[in-house]
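# Structural characterization, general
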Amino acid sequence: MKSPWRINVSMAAATHTSSVFGWMPIVALLFAAITIYRWNRRNKVVNVDRLHQMDTELESLKLRLLLVSTDAVPAQPILRTIGFVESMSAIEAASDADYRIAERDALLELARKALAKGANAIVGLRKTNAHYDQSGSQWRISRVAYSGTAVVVSTFQS
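Let me begin by describing the structure that accompanies this report. Model, not experiment: these values are computed from the prediction. (Residues numbered from 1 in each chain as written. Predicted model: local features only at pLDDT ≥ 70, side-chain atom pairs only at ≥ 80, totals over all residues. Heavy atoms only, no water.)

It is worth spelling out the nonpolar core at this point. Side chains of nonpolar character tend, in soluble globular proteins, to be buried together. Among the nonpolar cores identified, the biggest contains 23 residues, and L107, L110, A114, I122, L125, V144 and Y146 are the most heavily contacted of them. Mapped onto this core, the elements with two or more residues apiece are helix 1 (4-62), helix 2 (96-116), strand 3 (121-133) and strand 4 (140-153). The element that contributes the greatest number of residues to this core is helix 2, accounting for 9 residues. Ignoring anything within four residues of it in the chain, the contact list for L110 reads V85, E86, S87, I122, L125, Y146 and S147. Residues V68, V73, V123 and V151 belong to the second largest nonpolar core, which totals 6 residues. (Core = buried A, V, L, I, M, F, W, Y, C linked by side-chain atoms within 4.5 Å. Buried < 20%, exposed > 50% of the residue type's maximum accessible area, 1.4 Å probe, protein only. Helix = DSSP H or I, 4+ residues; strand = E, 2+ residues; numbered from the N terminus. Contact = heavy atoms within 4.5 Å.)

This paragraph deals with unusual backbone geometry. Trans peptide bonds make up the majority, and among non-glycine residues the majority have a negative phi. A positive phi angle is found at A75, which is not glycine, with a value near 65°. Within the fold, A75 resides in the loop between strand 1 (66-67) and strand 2 (78-88).

Mapped onto the fold, D105 is located in helix 2. The side chain of D105 is buried and forms no salt bridge, while R112, the nearest opposite charge, is found at 5.3 Å. Beyond its immediate chain neighbours, meaning those up to four positions away, D105 contacts M54, S89, A90 and I91. (Lys, Arg positive; Asp, Glu negative; His and termini not counted. Salt bridge = Lys/Arg side-chain N within 4 Å of Asp/Glu carboxyl O.)

Moving on: the environment of D105. The exposure class assigned to D105 is buried, which follows from its relative accessible area of 16%. Along the primary structure D105 and M54 are separated by 51 residues, whereas in three dimensions their C-alpha atoms are 7.5 Å apart.

On the surface, a cluster of nonpolar side chains totalling about 350 Å² of accessible area is made up of W23, I26 and V27. On the secondary structure map, V27 appears in helix 1. Since its relative accessible area comes to 52%, V27 is described here as exposed. (Patch = residues over 30% accessible without salt bridge, like charges linked within 9 Å, V, L, I, M, F, W, Y side chains within 5 Å. Areas by Shrake-Rupley, 256 points an atom, 1.4 Å probe, with all protein chains shown as cover.)

The subject of this paragraph is the pattern of salt bridges. In this structure the tally under the stated criterion is 5 salt bridges. As a salt-bridge pair, R104 and D55 come within 2.5 Å of each other at their nearest N and O atoms. Of this pair, R104 sits in helix 2 while D55 sits in helix 1, and the two are 49 residues apart along the sequence. Judged by relative accessible area, which is 21%, R104 ranks as partly exposed. Salt-bridge contacts for R143 lead to E92; the nearest nitrogen and oxygen are separated by 3.8 Å.

Written out as structure tokens, the structure is:
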């Protein structure tokens, strides 16, 4: 014959244990929130550093290469046309920060290609955005492409 006292003790132990397990989902959610917050903050710092590095490199390239959206450089005759150059960002952008990085990445690649061909200017500079939906996701992905004509212009000002 079982005594009622043992049943009450076991019920109290079971109730006490369940209250410990009741806090575990809250602790897990708190841990997940802290992890996501720290990861997001670290990514923002990395993106800012990368943008700054790309902007610095772009400014140094602009000292050697003139970029214009018109078909001719004002007050500087075109001495030689090298040809069409284009570049597409290697980065697929799903956020505003990624888009800014992709934009600079494509422009840097275009400038490098033109300089490698011997150009000192790009005329008819155009930017194109390609958007597509990633399959199985709600995100819209963007890629940035730049194109233009690599030319050699006279370096003297008239």
